[in-house]
Structures are given as C-alpha cells and as structure tokens.
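Residues per chain, in single letters:
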Amino acid sequence: MLVSEHALSLRQACRTARLARSAYYARPRPREDSPVIAAIEGYVHDNPRHGFDKLYPAVRGPGLGKCRLYRVYKALRLNIKRRGKRRLPERVKAPLVIPERPNEVWSADFMSDALWSGRRFRTFNVIDDYNREALRIEIDTSLPARRVVRALDELVEIRGQPLALRMDNGPELISDELEKWARRLGIERRFIQPGKPMQNGLIERFNRTYREEVLDCYVFETLGEVRRMTADWIPRYNEIRPHEAPGDLAPRQYLMAQSR
C-alpha cells in the first residue's frame, strides 16, 4: 500500500513500516494444529470443568508450548467464561405452620415431565396451604419468570392475593420480575433453604399426588392433552378426593366445614 500510494521503493516502504524485506517476501507457512487440538480435546473430554490453568501443566510438552496451546484453546472457544450460579442470600429455616385462614400462605413449585415423543414440559403448581386446595397448574414447554408472574396475576384477580408465597430457590422464583410483582402487591416471599424440599412439604405432597394420579397415569402425545386431563382432575381433587390431614375431607368440603 505504501509503495503504490506514495510512490516509494520497496526498501523505503519496508523501512517506514519497520518490516524486514525477508518477511515481506516470505510466504506464511500453514499451521498444523491437529496434534494440539487432539491433546486439548482429549483433556477437556475427561475434565470438562477445568480451565487453561489446569490444562497447560497436564498437556505441555515438545511442540505444545504455552503460547501455541493457548492460541488453539482460544480458537476452540474454550476460554469463554462460563456463567456461574447466582449467589443466594442466607435462607433461615422456618417451621411449616398451617395457616388459620384461606389466602394467608400459598405454596408454589415446579414439576417436569415428557410427552410420548420425548419432548419435555414443565408445570407450575400453586396451592393454598390452609386447605391444600389446588389453585393453579400452569403447563408449557417453557415457564420463564414473566409467564409465572402472569399466571399469578390471573390467580390473584380470581382468588384474591395471599399474605405470603412459600417457594424454593429456582431461577424463576428468585427473579427480579417476581420480586417486583411481590413488592407491588405487598406479598411476602418465603424462601426455603436450598436442598430442603420438605420445608415446603405441602406442595411437595401435592406434587406427588398430581404425578401419581395424572402425569404417571396416562400417556400424553400433546400439551393439549396434558392441560385437558389436568383441568378435569383439579375439580375432582378439590371437591371429591378426601385428604387425610383435613379429616378425610376434600379441600372445598373442609373450607365449607370451617366457615360454618
């Protein structure tokens, strides 16, 4: 470029660019990196969570210097930082106390299953802790935080809002969207300790019943079938099926008995 645009000789252009003329005439040699790639991929296959600082001492050797290894490591896009888990604030264990009236505490949790084709889907379940009534089961292949907030908004519009919502530390439940929703309505969020599902034992027991009587009881080919069978089961669960804890009464029967 310097030679053609500024009418310089090759000697002058190389001197200006601080480039040796031998480098100008030299042809780039093709790089044979297949042994390096094989060495890196072999190590990563056995140690998928190790970074370059662990890989280099184990793989280095003749022809496998640090600069060459790192160049190929970056070319394979193995140096991209992996997203870590979101750090949770300290959760305090709270006793599982049965509320004294409806809409005092709701419990929420997720479940997952698969259609006959193998396609995965999730359910978002909400119950009232007072009488174990099933309030909502939202079903779809994906249930992000925004969808959860929308389902809860619709439930609050129909049922009224609770004083508190008990849940685990799933990413949708600790999201900013749900935090803003709870703050807007003045609803307390009660998080259980990580790895302690029985601190949310009422919804866990409900999940077991729902799985035994619906998800594991039928073979589903479409989400529509899951939704129809669930919608048919919820009234039977709430109005007919007896529960041991409320004196062998269905949730609605127990609610009516307590209101007398």
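Right above here is the structure, for reference.
Because the structure is a prediction, the values reported are computed rather than measured. (Residues numbered from 1 in each chain as written. Predicted model: local features only at pLDDT ≥ 70, side-chain atom pairs only at ≥ 80, totals over all residues. Heavy atoms only, no water.)

Peer 1: Give me the lowdown on the pattern of salt bridges, citing residues and values where you can.
Peer 2: Two side chains bearing opposite charge may form a pair once their charged atoms approach each other closely. Enumeration according to the criterion identifies 23 salt bridges in this entry. Among the ionic pairs, Arg183 bridges to Glu179, the shortest N-O distance being 3.1 Å. Taken as a pair, Arg183 and Glu179 lie in helix α8 (residues 176-185) at a separation of 4 residues, close to a single helical turn. The class of Arg183 is exposed, set by a relative accessible area of 55%. Arg252 is the salt-bridge partner of Glu239, the closest N and O atoms lying 3.2 Å from each other. One end of the pair, Glu239, is in helix α10 (residues 223-239); the other, Arg252, is in helix α11 (residues 251-259), with 13 residues separating them in the sequence. Taking the relative accessible area as the measure of exposure, Arg252 reaches 34% and is therefore partly exposed. (Salt bridge = Lys/Arg side-chain N within 4 Å of Asp/Glu carboxyl O. Helix = DSSP H or I, 4+ residues; strand = E, 2+ residues; numbered from the N terminus. Buried < 20%, exposed > 50% of the residue type's maximum accessible area, 1.4 Å probe, protein only.)

Peer 1: Mind laying out the packing of helix α9 (residues 201-215) against α10, listing which residues take part and the relevant values?
Peer 2: Where α9 meets α10, the axes come as close as 11 Å, and the angle between the chain directions of the two elements is 120 degrees. The angle between α9 and α10 falls in the class oblique. For the crossing formed where α9 meets α10, the hand is right-handed. Contacts between α9 and α10 involve Phe206, Thr209, Tyr210, Glu213, Val214 and Leu215 from the first element and Val226, Met229, Thr230, Trp233 and Tyr237 from the second. For the contact of α9 with α10, the per-class residue count stands at 8 nonpolar, 2 polar and 1 charged. (Axes fitted to C-alpha atoms, helices over the stretch in contact; angles between N-to-C directions. Parallel < 35°, antiparallel > 145°, perpendicular 65-115°, else oblique. Left-handed = near helix turned anticlockwise from the far one by under 90°. Contact = heavy atoms within 4.5 Å. Nonpolar A, V, L, I, M, F, W, Y, C, P; charged D, E, K, R; others polar.)

Peer 1: Go over the environment of Ile240 with me, naming the residues and quoting the values.
Peer 2: Secondary-structure assignment places Ile240 in the loop between α10 and α11. Residue Ile240 is classed as exposed on the basis of its relative accessible area of 59%. Taking the C-alpha atoms as reference points, Ile240 and Arg122, 118 residues apart in sequence, are found 26 Å from one another. Residue contacts for Ile240: discarding those within four places in its chain leaves Pro235 and Ala250.

Peer 1: Account for the packing of aromatic side chains, with residues named and values stated.
Peer 2: Given two aromatic rings, one states the distance between the centres and the angle between the planes to describe the pair. Taken as a whole and judged by the stated rule, the model has 12 aromatic pairs. Arranged with centres 6.4 Å apart and planes meeting at 10 degrees, the rings of Phe206 and Tyr210 form a pair that is stacked. With a gap of 4 residues between them, Phe206 and Tyr210 both fall in helix α9, about one helical turn apart. Taken individually, Phe206 and Tyr210 each receive the classification buried, so the pair is uniform in this respect. Here the aromatic residues Phe52, Tyr56, Tyr70 and Tyr73 are joined through ring pairs into a cluster of three or more. Cation over ring: Lys66 sits above Tyr56, and NZ or CZ is 5.6 Å from the ring centre. (Phe/Tyr/Trp six-rings, centres within 6.5 Å; stacked < 30°, edge-to-face > 60°. Lys NZ or Arg CZ within 6 Å of the ring centre and 35° of its normal.)

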